[in-house]
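What the coordinates show
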Amino acid sequence: MTEQTKPTPTANQMWGGRFNAGPDAIMQAINASIGFDRRLYAQDIAGSRAHAAMLAAVSILTNKDAEAIGEGLLTVLSEIETGKFQFRVDLEDIHMNVEARLKEIIGEPAGRLHTARSRNDQVAVDFRLWVRDQCDAAITGIEALMRAFLAQAAAGADWVMPGFTHLQVAQPVTWGHHMMAYVEMLARDRSRFVDARARMNECPLGAAALAGTSFPIDRDMTAKTLGFDRPTANSLDSVSDRDFALEFLSASSICAMHLSRFAEELVIWSSAQFRFVILSDRWTTGSSIMPQKKNPDAAELLRAKLGRILGATVALFTIMKGLPLTYSKDMQEDKEQTFDAADTLMLALAAMTGMVGDMTAQTATLSAAAGSGFSTATDLADWLVRTLGLPFRDAHHVTGTLVAMAEAKGCDLPDLTLADMQLVHAGITAEVFGVLGVQNSVQSRISYGGTAPAQVRVQIARWAKELL
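Residues numbered from 1 in each chain as written. Predicted model: local features only at pLDDT ≥ 70, side-chain atom pairs only at ≥ 80, totals over all residues. Heavy atoms only, no water.

Our next topic: the packing of aromatic side chains. Overall, the coordinates contain 15 aromatic pairs when judged by the stated rule. Between the aromatic rings of Phe127 and Phe339, the centroid separation amounts to 6.4 Å while the plane-to-plane angle is 90°, which identifies the pairing as edge-to-face. With Phe127 in helix H6 (residues 119–155) and Phe339 in helix H12 (residues 334–358), this residue pair connects regions lying 212 residues apart in the sequence. Phe339 shares its class with Phe127; the two are buried. Aromatic pair Phe149 and Tyr182: ring centres 5.4 Å apart, planes at 10°, arrangement stacked. Residue Phe149 is located in helix H6, and its partner Tyr182 is located in helix H7 (residues 175–200); the two are separated by 33 residues in the primary sequence. (Phe/Tyr/Trp six-rings, centres within 6.5 Å; stacked < 30°, edge-to-face > 60°. Helix = DSSP H or I, 4+ residues; strand = E, 2+ residues; numbered from the N terminus. Buried < 20%, exposed > 50% of the residue type's maximum accessible area, 1.4 Å probe, protein only.)

In structure tokens:
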């Protein structure tokens, strides 16, 4: 080697002999990912230990070298977990940081670990393992929130409250029914994470850079060791796929949207104008100038968290949409987005679980509001169809006329006299007053999935058994 071709002392030796000089400082700053991908250390070490064991099993490594590598990696893991490990930006990423430290600990055998793999399949397996763990965490968090809603539903299966469309009083419903609506939403969220986890549970390790390897590796062994169902079937797809992260982010966005919707309801319900619920002091704050204020800040912040998660989803779609096969450095930008979204989702789930568990429904206010806004008008129309045999459109017209009459008199439908009603339709009898109360209204909604307390308890029992 001539003097001119000797690498400078700043060259990254992990790159081999291709580069003579180290990167510019700005290039190093934009290229290095150790500032965030250090979070993959446990997955990286697990993948490396599985890879080393497999290499020994197929006689690519000696048992002695594989044992040294395995023990050395456990030492690195201990150093990281106890805060003794020194992460180096010049080594770019978690893979190189772990491998460099392994070499310091065990020497020459460390250089054999990277046989029959690339950083491309290494990061693919690390990231997939990490996202799989986040799916499990999300499922656990969702189930905890479902139980909190279920407890509220069981407590208030009979409590009446207004049901809304367009945020206008529509028909009376029960508190339990409203709570169970979110149990159903969260159940679908849970199923999306379960489905995503099942789909991502294939192991890309062994795809190497993009084309596989000429070494006689056993990919089924590494897949099994790492808890995957099977190895991935196409090496090009293996190193370029980030569908699993996109599915996780998509499921997270939908789940966060559901949380945001209930957060919005809590903000409205806890206002002085509604007074439907009281939020505990644990989830509210005061004002620096207005001593009477009790602000639903946790709900408001949770409502805003959707923006972060949805933003991460859009960002990763944008990163991936124009990339040719296989790996491009653009894909390094997949992790920060996903890490932040996962952290945000878990925080939001925990906060919402706390708020739902602590909130106190104001049953008297809910009941009074349930009977306002002519909420039993549909019950009146239904009675006209059932009892008098009117076509529904005619019954709708009669009911609308009675609503207008009550509005003009400044009263609600149950406050009209029988004579008032008979002015609109002579066939109406005193029996009609039996359907105009909110309790009668909710009791009558006995169709499967309806708001009748008996139906609500059916759903509560079903989900209580499911969530045991």
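There is more to say, and it comes next.
By size, the foremost hydrophobic cluster in this structure holds 98 residues, and its most contacted members are Phe149, Trp175, Phe193, Phe262, Leu266, Trp269 and Met352. When residues of this core are assigned to their parent elements, the largest contribution, 15 residues, is made by helix H10 (residues 243–269). Apart from residues lying up to four places away in sequence, Trp269 is in contact with Met161, Trp175, His178, Met179, Phe262, Phe274, Arg275, Phe276 and Val277. (Core = buried A, V, L, I, M, F, W, Y, C linked by side-chain atoms within 4.5 Å. Contact = heavy atoms within 4.5 Å.)

The subject of this paragraph is the environment of Leu40. Of note, Leu40 is situated in the loop between helix H2 (34–37) and helix H3 (41–57). Leu40 sits 86 residues away from Asp126 along the chain, and the two C-alpha atoms are 6.3 Å apart. Look past the residues within four positions of Leu40 in its chain and what remains in contact with it is Ile94, Asp126, Phe127, Trp130, Lys335 and Phe339.

For the chain, per-residue confidence averages 92 on the pLDDT scale, and 95% of positions sit at 70 or higher. Counted against residues more than four places away or in other chains, residues 1–11, with its pLDDT under 50, gives 16 contacts. (pLDDT = per-residue confidence, 0-100.)

Note on placement: Gln43 falls in helix H3. Residue Gln43 is classed as buried on the basis of its relative accessible area, which comes to 10%. Within the structure, the side chain of Gln43 is placed 3.2 Å from the side chain of Asp133, a separation counted as a polar contact. Excluding anything up to four places from it in sequence, Gln43 contacts Asp126, Leu129, Trp130 and Asp133. (Polar contact = N/O pair within 3.5 Å; in protein donor to acceptor, adjacent residues only side chain to side chain.)

On the surface, Leu210, Leu236 and Leu325 cluster together into a nonpolar patch covering about 280 Å² of accessible area. As for its position among the elements, Leu325 is in the loop between helix H11 (297–320) and H12. Residue classification places Leu325 among the exposed positions, given a relative accessible area of 66%. (Patch = residues over 30% accessible without salt bridge, like charges linked within 9 Å, V, L, I, M, F, W, Y side chains within 5 Å. Areas by Shrake-Rupley, 256 points an atom, 1.4 Å probe, with all protein chains shown as cover. Salt bridge = Lys/Arg side-chain N within 4 Å of Asp/Glu carboxyl O.)

Glancing now at H3. Under the 1.5 Å per step criterion, the end-to-end length of H3 is 24 Å for 17 residues, consistent within 8% with the ideal 24 Å. By the burial criterion, the buried members of H3 are Gln43, Asp44, Ile45, Gly47, Ser48, Ala50, His51, Ala52, Met54, Leu55 and Ala56. Ser59 lies just past H3 and shows a positive phi near 65°. (Expected span 1.5 Å × (residues − 1).)

With the exception of glycine, the majority of residues adopt a negative phi angle, and the majority of peptide bonds are in the trans configuration. The omega angle of the peptide bond from Leu325 to Thr326 is 5°, so this bond is cis rather than trans. Relative to the helices and strands, Thr326 is located in the loop between H11 and H12. Backbone geometry places Ser59, a non-glycine residue, at a positive phi of 65°. Relative to the assigned elements, Ser59 resides in the loop between H3 and helix H4 (63–81). Here Ser59 falls in the exposed class, since its relative accessible area comes to 63%. The phi angle at Leu167 is positive, at roughly 60°, despite the residue not being glycine.

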